[in-house]
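Here is what each chain is made of, one letter per residue.
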Amino acid sequence: MPLYIFSTNGQEALDLLKSEPADLLITDLNMPVMDGETLLKWLKADPKLSEIPVLVITSAVNPAKEAELLQAGAFGVLSKPVTPTAMVDKIKFLL
Amino acid sequence: MDEIKEDLRLGINKTVCDVLKKMALMDVVPSEAPAGDVPDSNWVSLAVLHPIQGEFILKMSTEMTKKVTQAIFGVPESALTEPLLKDSMAELLNTIVGRLMNSVLPEEQTFRLGLPVQGQGKCPGGDNTALNCYFLMDNESISLIVSGETLLQMLFQLLNLL
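Since the structure is predicted, the reported quantities are computational estimates derived from the model, not experimental observations.

1. Quick notes on the overall build of chain A
When you go through chain A residue by residue, the secondary structure sums to four helices and three strands. Ordered by position from the N terminus, the helices and strands of chain A form the series α-β-α-β-α-β-α. For chain A, the C-alpha radius of gyration of 12 Å lies close to 12 Å, the compact-globule estimate for 95 residues. Based on the C-alpha atoms only, the size of chain A along its principal axes is roughly 30 × 30 × 25 Å. Within chain A, buried positions represent 40% of all 95 residues. Contacts spanning at least 24 positions in sequence make up 51% of the contacts within chain A whose residues lie at least 6 apart. For chain A, the accessible surface area stands at approximately 5600 Å², while carbon and sulfur atoms represent 59% of it. Here chain A contributes 8 positive and 12 negative side-chain charges, whose respective centroids are spaced 2 Å apart.

2. Some remarks on the packing of helix H2 (residues 62-73) of chain B against helix H3 (residues 82-104) of chain B
Residue and element names in this part refer to chain B. H3 packs onto H2 with a crossing angle of 80° between their chain directions and a minimal axis gap of 9 Å. Judged on the interaxial angle alone, H3 and H2 are roughly perpendicular. Residues Thr65, Lys66, Val68, Thr69, Ile72 and Phe73 of H2 pack against Leu84, Leu85, Asp87, Ser88, Met89 and Leu92 of H3. Per-class residue counts for the contact of H2 with H3 are seven nonpolar, three polar and two charged.

What counts as what
Residues numbered from 1 in each chain as written. Chains lettered and ligands numbered in written order. Predicted model: local features only at pLDDT ≥ 70, side-chain atom pairs only at ≥ 80, totals over all residues. Heavy atoms only, no water. Helix = DSSP H or I, 4+ residues; strand = E, 2+ residues; numbered from the N terminus. Rg over C-alpha atoms; globule rule 2.2 N^0.38 Å. Buried < 20%, exposed > 50% of the residue type's maximum accessible area, 1.4 Å probe, protein only. Contact = heavy atoms within 4.5 Å. Areas by Shrake-Rupley, 256 points an atom, 1.4 Å probe, with all protein chains shown as cover. Lys, Arg positive; Asp, Glu negative; His and termini not counted. Charge placed at Lys NZ, Arg CZ, Asp CG, Glu CD. Axes fitted to C-alpha atoms, helices over the stretch in contact; angles between N-to-C directions. Parallel < 35°, antiparallel > 145°, perpendicular 65-115°, else oblique. Nonpolar A, V, L, I, M, F, W, Y, C, P; charged D, E, K, R; others polar.

Given below as structure tokens:
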């Protein structure tokens, strides 16, 4: 049975992951306290967390931004609004 | 500026209707300005920070916010909390603005949005240079205000190039 842990911003997510690494992180980009891009960079810089696949879901994505995010280490990028099917397909692919 | 606004309104209407239909699962059509201000309004504002500055404000009644939230999250009315209502309005506007910016900007141009700011009652912004767009959703009026002269001009120029 999958366990889902929710956080309201990037800093909270990072703190949670440091105490209990996850199999997958799904994150927005535009968040208070710490945004998704900064969270991604922190994860990739931490050897204990760098292998966690990161799926970014955002409304502010275009080909240039998607390329930036993939270059920064995101495993996948989805554009809002996201359909359940697209989300499930992407997660299956990542896991 | 008035001519720019009218052309821009047509371009914005399509994006807004598409997003609202997909997310709120309701019929949405552009409409004329309502007779009076929407009472008991919830509003959410989102700034465009880059490549140009401006602001979008989405406004709707509390009842409509509840209907939209139920549609987006698939929850019964009893599960509607204040944070959930605020979240759904923020997500709606975030998606509308993101889709609009993606549809007009060149592929290689990234853009940055601010964090949503929310409130009730009279919303800030919307000066006399702002573009007001109205929609009928489930027979109720909602509004989208776009302000920032440079943002309006950029959207107009880019929409006309498409």
